[in-house]
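Observations on the model geometry
Listed below are the residues making up each chain.
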Amino acid sequence: MERCRSANVYPKVPDGGWGWVVAVSFFFVEVFTYGVIKSFGVFFNELIVYFDESNSRISWIVSICVFVLTFTAPLSTILSNRFGHRPVVMTGGILISAGMIGASFARSVVEMYVAIGVVSGLGYCLTFLPTVTILSQYFDRRRSLVTAIASTGECFAVFAFAPAITALNDLIGWRYCLLIVGALQLNIVVCGSLLRPIIIIKPQDEAKAPPKSENLETTYMLENEQTLTSIDSIDSGVEVSTSPKNTPANLKAEKRSEGPLEKEEMVEQAEQEEKKKLQPLLDFSVLRNSSFICYALFGLFATLGFFAPLLYIIPLSLSLGIDKDLSPYMLSAMAIAEVFGRIGAGWILNKKPIRKIYIELVFVILLCVALTAFPFAYNFCGLMACSIFFGCMLGTVTGTHIPLVAEDDIVGIEKMSSGVGVYVFIQSIAGLAGPPLGGVLVDWTNNYGSAFYSCAAGMALAFCF
């Protein structure tokens, strides 16, 4: 009951209201989650030299983090349905910060695996998925556009973090950089505290819903008592203390306030509680939906192309002899282009010229082309052009593929929470295999371009599904 009182109750999806606060919270959650993950390539060469490890061994740090983030998605859904989105996101923020601060004291790569990969990875999952789910519940008609704009937080974070962390790394070292980033990530706790739950009660459902038997009996008893009281008063000529005339004004006001409206609200709250108890914490019935299965396999292979380019773009630029101070600007250009890609994709999907899934298909084809172009670049201008094109296409896919789960031709908004949990869980295999696969190919071929080819192959398979 206490949770219901703190919830926002609307007769229909508001497409705004407190949803704008949730959108701002999601923006900053993106800044301190995916924004940090995508900027981790800045530390790549420093960690290789410090720990004297290979490319593939260092890439496992991000790989384990992404795997835990996606593999524990069902756990995030279960906890959110059981305890609510707010406490889960706040707990995730604490775990993210603790893992990053712990990594700043790591003495081996294995300790980095545990701190960033496991602890922070679990925190990322508990933070990101509940936030994007509750944001989708606050919007309907403008869902694609608002989610796309709010998700640009990670793009602005990469734009700011890449050069800032590079400069800070040269000044104070990678350990203090991780310590500062971990402290900043505590802001996620504040964002989580703003995620008020939402309850949609349709007016027509209220009129059709029959009151419970207990409420009917109470109503009949009150009506009988009032009828008997008024009859007795007329017959005897004596005004009884319970008659309306003898009732004080303030008591009359209380009775009026405890009339049908309050009873309806109590019945509504009770019905909402019963529905929550009857609903499974994780609905695996989505796996019987053939459209969802195809879409989940698309997400599985598309994930291969999401993180590896961001991890290897700086090593690739250094291998081509590009100055170390210019390399981080590849990530910054990529991030700015991703902003335009996300907003543009949200605007196009909001117009609905054709089915949204077909528009997503076009985005995937262009992203595959962008990945294939990287190995053909041989100077700063070429890599910058590839980074801008890739960032724009990456934004169109990453900013829309999870909100599309809420579409009726996949699972619908009612099953979105479970659908997203299972969808991201299936992605976990690719999240674990993607960066190390690229690292192994780089070690075998001594060419960073091979990592981009592996990502393009994964995106081509995603196109098929």
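Cut-offs and rules
Residues numbered from 1 in each chain as written. Predicted model: local features only at pLDDT ≥ 70, side-chain atom pairs only at ≥ 80, totals over all residues. Heavy atoms only, no water. pLDDT = per-residue confidence, 0-100. Helix = DSSP H or I, 4+ residues; strand = E, 2+ residues; numbered from the N terminus. Contact = heavy atoms within 4.5 Å. Buried < 20%, exposed > 50% of the residue type's maximum accessible area, 1.4 Å probe, protein only. Arc of directions from axis to C-beta. Patch = residues over 30% accessible without salt bridge, like charges linked within 9 Å, V, L, I, M, F, W, Y side chains within 5 Å. Areas by Shrake-Rupley, 256 points an atom, 1.4 Å probe, with all protein chains shown as cover. Salt bridge = Lys/Arg side-chain N within 4 Å of Asp/Glu carboxyl O. 1 Å grid on protein atoms, 1.4 Å probe; cavity = no way out; pocket = protein on both sides within 12 Å on 5 of 7 lines; lining within 4 Å. Points joined across faces, edges and corners; volume = space filled by probe spheres on them. Nonpolar A, V, L, I, M, F, W, Y, C, P; charged D, E, K, R; others polar.

1. Side note on the confidence of the model for the protein
Should the pLDDT be low somewhere, the predicted coordinates at that spot are not to be read in detail. Taken as a whole, the protein shows an average pLDDT of 78; of its residues, 80% reach a score of 70 or greater. Highest mean pLDDT in the protein belongs to helix 7 (residues 85–103) (94); lowest belongs to helix 14 (residues 213–236) (41). In this model, residues 205–209 is a region of pLDDT below 50 whose contacts with residues beyond four sequence positions or in other chains number 4 contacts. pLDDT under 50 marks residues 211–261. Its contacts with residues more than four places away, or in other chains, come to 22 contacts.

2. Thoughts on helix 11 (residues 174–184)
Every α-helix winds through 3.6 residues per turn, so residues three or four apart in the chain are directed the same way. Every buried residue belonging to helix 11 is among Trp174, Arg175, Cys177, Leu178, Val181 and Gly182, and all of these are buried. Viewed end-on, helix 11 has its buried residues packed into an arc of 160°, placing them on one side of the element.

3. Some remarks on a nonpolar patch on the surface
On the surface, Phe105, Leu171, Ile172, Tyr176, Leu179, Ile180 and Leu184 cluster together to form a nonpolar patch covering roughly 680 Å² of accessible area. Counting residues per element, the ones that place at least two in the nonpolar patch are helix 10 (153–172) and helix 11. In terms of residue count, the dominant contributor to the nonpolar patch is helix 11 (4 residues). If you trace the backbone, tyrosine 176 turns up in helix 11. For tyrosine 176, a relative accessible area of 52% corresponds to the exposed category.

4. As for the environment of phenylalanine 26
With respect to the helices and strands, phenylalanine 26 occurs in helix 2 (residues 19–32). Judged by relative accessible area, phenylalanine 26 falls into the buried class, the value being 1%. Counting along the chain gives 123 residues from phenylalanine 26 to isoleucine 149, while the straight-line C-alpha distance between them is 9.9 Å. Contact partners of phenylalanine 26, with chain neighbours within four places excluded, come to Phe128, Thr131, Val132, Leu135, Thr147, Ala150 and Ser151.

5. Comments concerning empty space enclosed by the protein
One pass over the structure, following the stated rule, counts 6 cavities of 30 Å³ or more. Its volume calculated, the largest cavity comes out at about 280 Å³. Tyr34, Phe128, Thr398, His401 and Ile402 are, among the 24 residues lining the largest cavity, the residues nearest its centre. Counting residues per element, the ones that place at least two in the lining of the largest cavity are helix 2, helix 3 (34–38), helix 5 (55–71), helix 8 (109–138) and helix 22 (416–445). Broken down by class, the residue content of the lining of the largest cavity amounts to 12 nonpolar, 8 polar and 4 charged.

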